[in-house]
Amino acid sequence: MGRAAAPGGSGGGAPRWLPWLGLCFWAAGAAAGRGTDNSEVLPESIPSAPGTLPHFIEEPDDAYIIKSNPIALRCKARPAMQIFFKCNGEWVHQNEHVSEESLDESSGLKVREVFINVTRQQVEDFHGPEDYWCQCVAWSHLGTSKSRKASVRIAYLRKNFEQDPQGREVPIEGMIVLHCRPPEGVPAAEVEWLKNEEPIDSEQDENIDTRADHNLIIRQARLSDSGNYTCMAANIVAKRRSLSATVVVYVNGGWSSWTEWSACNVRCGRGWQKRSRTCTNPAPLNGGAFCEGMSVQKITCTSLCPVDGSWEVWSEWSVCSPECEHLRIRECTAPAPRNGGKFCEGLSQESENCTDGLCILDKKPLHEIKPQSIESASDIALYSGLGAAVVAVAVLVIGVTLYRRSQSDYGVDVIDSSALTGGFQTFNFKTVRQGNSLLLNSAMQPDLTVSRTYSGPICLQDPLDKELMTESSLFNPLSDIKVKVQSSFMVSLGVSERAEYHGKNHSRTFPHGNNHSFSTMHPRNKTPYIQNLSSLPTRTELRTTGVFGHLGGRLVMPNTGVSLLIPHGAIPEENSWEIYMSINQGEPSLQSDGSEVLLSPEVTCGPPDMIVTTPFALTIPHCADVSSEHWNIHLKKRTQQGKWEEVMSVEDESTSCYCLLDPFACHVLLDSFGTYALTGEPITDCAVKQLKVAVFGCMSCNSLDYNLRVYCVDNTPCAFQEVVSDERHQGGQLLEEPKLLHFQGNTFSLQISVLDIPPFLWRIKPFTACQEVPFSRVWCSNRQPLHCAFSLERYTPTTTQLSCKICIRQLKGHEQILQVQTSILESEREAITFFAQEDSTFPAQTGPKAFKIPYSIRQRICATFDTPNAKGKDWQMLAQKNSINRNLSYFATQSSPSAVILNLWEARHQHDGDLDSLACALEEIGRTHTKLSNISESQLDEADFNYSRQNGL
């Protein structure tokens, strides 16, 4: 577009007093701008009448160029002889103007309207300090007027939002703020919010505000506000959608009110009643937290048993009445019915003729009967009574005589009758006389040690003393019965005492300890054993032995998780060895270095000079929460000099031994016997040791005190068995099933506290309700069992029930609650068993019965998978199907890799013997379709390897 110089300079119009001259100058300038083009026509007419300055009826508006479409600027003024546009300080060429002229009917003045077009190229070519602009200049005979400047900009809208809204999870009635910054654009984009693709109208919902800098604000979140929110940005060019933001309004659960206590679960006697509540006030929604605490509470209750009534004996007959009758009565008071019991059945009163029918004669009244008849009736009654008295006296005399004769035959000299009842009396008893076959063995020589005198209230500290105090132990006529000495504490738990288990004696034996877990003795030898029980030394190890030969077998330490598998053929033919296995329960000989901790017991197997031709499998329990990201676990062995050396790391590749780490145990394939243990080095603070927490309780003799002892020990069966043994000697009772606590290596301490003690029944000593244990003491708790003791006191001796909570928690860590609800009376206490699974009825199993897979089937599997084929060693596929994916080079060095893999399978499945899983693994490989779980005895090739159905095959 050409631009013309403005008359009188570029900045102003023609002088007011010379409009024609101004137009001429403008025309001359326009002609100069066109060059030789002189065809421009001057205005046709100029009003000669006086007028006013031009007044703009319509001024140009700001405009935007969309894509490549030009825009039109419009200007209208009255009165106006001529109107021209000026853009960016330069006049627009007259040819580019479109002019229209009309007459205003009301004023008679001339109205002129002018249009021009502005293209995208013109705007892009302009480079000025401000936007491209245009302005109208209108002339009248009095002068010029200028309109407002209208800017012209190229419209656009970028694709990407400067900030997309982000999803939120907020609680109900919380505030939701979704931020949105639309893409850059000209003109600026307008923002609209969509919820689930539907527009949001903030004017109709006062809870929603969309006016604050394009953000969406929901003042109080409602469940209905959950959904997908999208920010829409639009201008005259385009529309843009942001990423959707998912808003979830969740509701944390709340407890409802407790229900009423239920009726006692027993009709009579001691039982329990409960009440419950539900997490429905409100119920958790959209991932909200579940209610914390217990949903059910139980308390003990005692229901009064209904007692049916029973008649007392009849009363004496009453005096004979004038009607010749006498009465007798009885009452329903022996006992009287109570608690809903039945009333006595039958009559409470009886009457009968008091003269056996002689009172009435010929149906006449008594006063009409002759006196001699009455006298004869009285004589008969008198003589009858005398006869009955004589007979009764005779019977009594005979009975007394027979009783005295029978008493002279017995040889017991009872000094005090309280010996039969025990209790709190002072009593004594002597040994039996010789020759009396009705009492203790008459051939037994008197033993003065049996005589014991008890004075004052009897407080039996040892359970065996209670056994001596029973009537059966004092007057048992079977003197040759042997007694198994075992405390009532262990009987109530359902387990035997800590033990040393032995197989048969063999000519080639190794030294054994002199302590045994139980003893058989004659009744008369019990007393000295009980008196010396407290002086027995504490055992420092558990030990078991067994004799094994070429057929192999399994050696198990019951209730410890430790076992030893000797494969078939590991011992040469015609040789047999007494193999022993022990667990150190004293001070560990392995001293931790730096941050390293002991994760398992120290297990010794031997003899050390024994040589095996096939690796044996040793199973050792551990207490680590297995994770290669947080733990670096090592297998260590003690040398003959007593030093510990690292054998291998569990994650390392080695051909000397193999370690397979399961969640609770480590299975190790070894070639030599010795002492082994697992240690762990925490890599991060997230390393976790599994602790078993348990609470024991016992009451002091003749005291209102009750002691609670809370133990935190490594989660290995042998560690907890040691606690049980210690508590047995202290008379403790397990009050709640043990639980697992995940203790992190984050240096935070452990807190143990007693909560919810009944305030008016029990009290705890001040400042002892909460105890804190340092982190290092818990983290290295393998030294000795860690426990905290709490002393509770009853207000009255009548309180026999204890209900409270034991809270064990690590600061900024895991927490466990032990619910104690027990009776402090031993007779009413319910026993809790905790060794749910016995490792073996017999510690040593030899030959085929020790293995889950029959020997003939095992040979066929090895022959199949040890043979190489075009695809490689098939034993590798067997290992992978049994989740053995690491350190396969160890098996490659064995003469029969498949046999070693099956030995490892036997060690891992000694409890379940899951042959179905092994059969499925074989079927998946496609080399055999043998179903091991359905093997019949006829399939076995050798008679020596027949299995019974009791072994689960």
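Residues numbered from 1 in each chain as written. Predicted model: local features only at pLDDT ≥ 70, side-chain atom pairs only at ≥ 80, totals over all residues. Heavy atoms only, no water.

Visitor: What should I look at first to understand the overall build of the protein in this one?
Guide: Of the regular secondary structure elements, the protein holds 14 helices and 50 strands. When burial is assessed residue by residue, the protein has 41% of its 953 residues classed as buried. Restricting to contacts in the protein with at least 6 residues of sequence separation, those with at least 24 account for 68%. Just so you have it, the protein exposes about 52000 Å², and 51% of that area is on carbon and sulfur atoms. (Helix = DSSP H or I, 4+ residues; strand = E, 2+ residues; numbered from the N terminus. Buried < 20%, exposed > 50% of the residue type's maximum accessible area, 1.4 Å probe, protein only. Contact = heavy atoms within 4.5 Å. Areas by Shrake-Rupley, 256 points an atom, 1.4 Å probe, with all protein chains shown as cover.)

Visitor: Teacher, can you tell me more about helix α8 (residues 717–730) here?
Guide: Residues spaced three or four apart along an α-helix face the same direction, because each turn holds 3.6 residues. In this model α8 runs 20 Å from its N-terminal to its C-terminal C-alpha over 14 residues, within 8% of the 20 Å that 1.5 Å per residue would give. Within α8, ten of the 14 residues are buried, which leaves it mostly tucked inside the rest of the structure. Those residues of α8 lying buried are Cys 718, Ala 719, Phe 720, Gln 721, Glu 722, Val 723, Val 724, Ser 725, Glu 727 and Arg 728. Trailing α8 by a residue or two, Gly 731 shows a phi angle of about 75 degrees, which is positive. (Expected span 1.5 Å × (residues − 1).)

Visitor: How do you make sense of a nonpolar patch on the surface when you look at a structure like this?
Guide: Where nonpolar side chains cluster on the molecular surface, the patch consists of Ile 172, Leu 223 and Leu 285 and spans about 230 Å² of accessible area. With respect to the helices and strands, the residue Ile 172 is situated in the loop between β12 (168–171) and β13 (176–178). (Patch = residues over 30% accessible without salt bridge, like charges linked within 9 Å, V, L, I, M, F, W, Y side chains within 5 Å. Salt bridge = Lys/Arg side-chain N within 4 Å of Asp/Glu carboxyl O.)

Visitor: I'm lost on the side chain of Arg 112 in this one. Help?
Guide: Here Arg 112 shows up in strand β8 (residues 110–118). Within the local environment of Arg 112, its side chain forms a polar contact with the side chain of Ser 99, the two groups lying 3.0 Å apart. If we ignore the near neighbours within four places in the chain, the residues touching Arg 112 are Cys 75, Lys 76, Ala 77, Ala 80, Met 81, Gln 82, Ile 83, Ser 99, Glu 100 and Glu 101. (Polar contact = N/O pair within 3.5 Å; in protein donor to acceptor, adjacent residues only side chain to side chain.)

Visitor: Looking at this structure, I do not really get the nonpolar core. What am I missing?
Guide: As a rule of thumb, nonpolar side chains are buried together in soluble globular proteins. In this structure, Leu 564, Ile 579, Leu 618, Leu 708, Ile 806 and Ile 808 are the most contacted members of the largest nonpolar core, which totals 70 residues. Not counting the four nearest positions on each side in its chain, Leu 564 is found in contact with Gly 553, Arg 554, Leu 555, Ile 579, Met 581, Cys 605, Phe 616, Ala 617, Leu 618 and Phe 673. Listed in part, the 30 residues of the second largest apolar core include Leu 565, Phe 851, Ile 901 and Ile 925. (Core = buried A, V, L, I, M, F, W, Y, C linked by side-chain atoms within 4.5 Å.)

Visitor: Explain the confidence of the model for the protein to me, please; I cannot follow it from the model alone.
Guide: Note that predicted coordinates carrying low pLDDT should not be read in detail. Averaged over every residue, the pLDDT of the protein is 75; residues scoring 70 or more account for 71%. Contacts for the low-pLDDT stretch residues 1–49, under 50 throughout, to residues beyond four places or in other chains number 66 contacts. Low pLDDT, under 50, characterises residues 408–538; the stretch is placed with 186 contacts to residues that sit more than four places away or in other chains. (pLDDT = per-residue confidence, 0-100.)

Visitor: What exactly am I supposed to notice about the pairing of strand β5 (residues 82–87) here?
Guide: Regular strands have side chains that alternate between both faces of the sheet. In terms of burial, β5 is a largely internal element, six of the six residues being buried. The alternating pattern of β5 places Gln 82, Phe 84 and Lys 86 on one face and Ile 83, Phe 85 and Cys 87 on the opposite face, and all of these are buried. As paired strands, β5 and strand β9 (residues 132–140) are joined by six bridges and run antiparallel to one another. Note that in β9 the partner of Cys 87 across the bridge is Cys 134. Relative to strand β6 (residues 90–92), β5 is paired through two bridges, and the arrangement is antiparallel. Counterpart to Cys 87 in the pairing with β6 is Glu 90. Adjacent in sequence and paired antiparallel, β5 and β6 are bridged by two residues, among which Asn 88 carries a positive phi angle near 55 degrees. (Pairing = 2+ DSSP bridges.)

Visitor: Before we go on, may I ask you to explain helix α11 (residues 874–881) in this structure?
Guide: Listed in full, the buried residues belonging to α11 are Asp 874, Trp 875, Leu 878 and Ala 879. Looking down the long axis of α11, one finds its buried residues gathered within 150 degrees of arc, a one-sided arrangement. Turning to α11, the residues buried within the fold contact α10 (855–865), α12 (889–892), α13 (897–908) and α14 (915–925). Downstream of α11 by a residue or two, Ser 883 has a phi angle that is positive, lying close to 60 degrees. (Arc of directions from axis to C-beta.)

Visitor: Could you clarify how one ought to interpret the pattern of salt bridges in this entry?
Guide: Close approach of charged atoms allows side chains with opposite charge to pair. Applying the stated criterion to the full structure yields 22 salt bridges. Between Lys 636 and Glu 596 there is a salt bridge, with the nearest N and O atoms lying 3.0 Å from each other. Residue Lys 636 is located in strand β35 (residues 631–638), and its partner Glu 596 is located in the loop between β31 (577–584) and β32 (597–598); the two are separated by 40 residues in the primary sequence. Like Glu 596, Lys 636 is buried.

Visitor: Please clarify how a negative patch on the surface should be interpreted in this entry.
Guide: Taken together, the side chains of Glu 646, Glu 651, Asp 652 and Glu 653 present a region of like negative charge at the surface. One can find Glu 651 in the loop between β36 (644–649) and β37 (658–661). We classify Glu 651 as partly exposed; its relative accessible area is 47%. (Lys, Arg positive; Asp, Glu negative; His and termini not counted. Charge placed at Lys NZ, Arg CZ, Asp CG, Glu CD.)

Visitor: Before we go on, may I ask you to explain the sheet that holds strand β4 (residues 71–78) in this structure?
Guide: Whether parallel or antiparallel, the strands of a sheet pair through hydrogen bonds between backbone atoms. Taken together, four strands build an open sheet; the order of strands is β2-β4-β8-β7 and the sheet is antiparallel. Two strands in the sheet have a free side with no partner beyond their single neighbour: β2 (55–58) and β7 (98–103). If you compare each strand with its neighbour and ignore which way they point, the axes differ by 25 degrees on average. (Axes fitted to C-alpha atoms, helices over the stretch in contact; angles between N-to-C directions.)

Visitor: Explain the packing of α11 against α13 here, please?
Guide: The description of two packed helices rests on the angle between their axes and on the distance between the axes. Look at α11 against α13: their axes get within 9 Å of each other, and the N-to-C directions meet at 10 degrees. For the element pair α11 / α13, the angle class is roughly parallel. For α11 against α13, the interelement crossing comes out left-handed. Note on element contacts: α13 touches α11 through Pro 897, Ser 898 and Ile 901, opposite Trp 875, Leu 878 and Ala 879. Here the residues of the contact of α11 with α13 are counted per class, giving five nonpolar, one polar and no charged. (Parallel < 35°, antiparallel > 145°, perpendicular 65-115°, else oblique. Left-handed = near helix turned anticlockwise from the far one by under 90°. Nonpolar A, V, L, I, M, F, W, Y, C, P; charged D, E, K, R; others polar.)

Visitor: What is the right way to read the sheet that holds strand β17 (residues 208–209) from this model?
Guide: Pairing in this open sheet of three strands is antiparallel, and the strands run β13-β18-β17 from one edge to the other. What marks the edges here is a single partner per strand, and that holds for β13 and β17. Pairing of β13 with strand β18 (residues 216–218) involves three bridges; the strand directions are antiparallel. Looking at the pairing, Val 177 lines up with Ile 217 of β18.

Visitor: Would you explain the state of the cysteines in this entry?
Guide: Structurally, a disulfide amounts to a covalent bond that connects the sulfur atoms of two cysteines. By the definition in use, this model includes seven disulfides. With a sulfur-sulfur separation of 2.1 Å, Cys 87 is cross-linked through a disulfide to Cys 134. Since a negative S-S torsion denotes a left-handed disulfide, the Cys 87-Cys 134 link at about 105 degrees is right-handed. Here Cys 87 is found in strand β5, whereas its partner Cys 134 is found in strand β9, with 47 residues between them in sequence. Side by side, Cys 87 and Cys 134 carry an identical accessibility label, which is buried. Across a sulfur-sulfur distance of 1.8 Å, Cys 332 and Cys 344 are joined as a disulfide pair. Since a negative S-S torsion denotes a left-handed disulfide, the Cys 332-Cys 344 link at about 80 degrees is right-handed. (Disulfide = S-S within 2.5 Å.)

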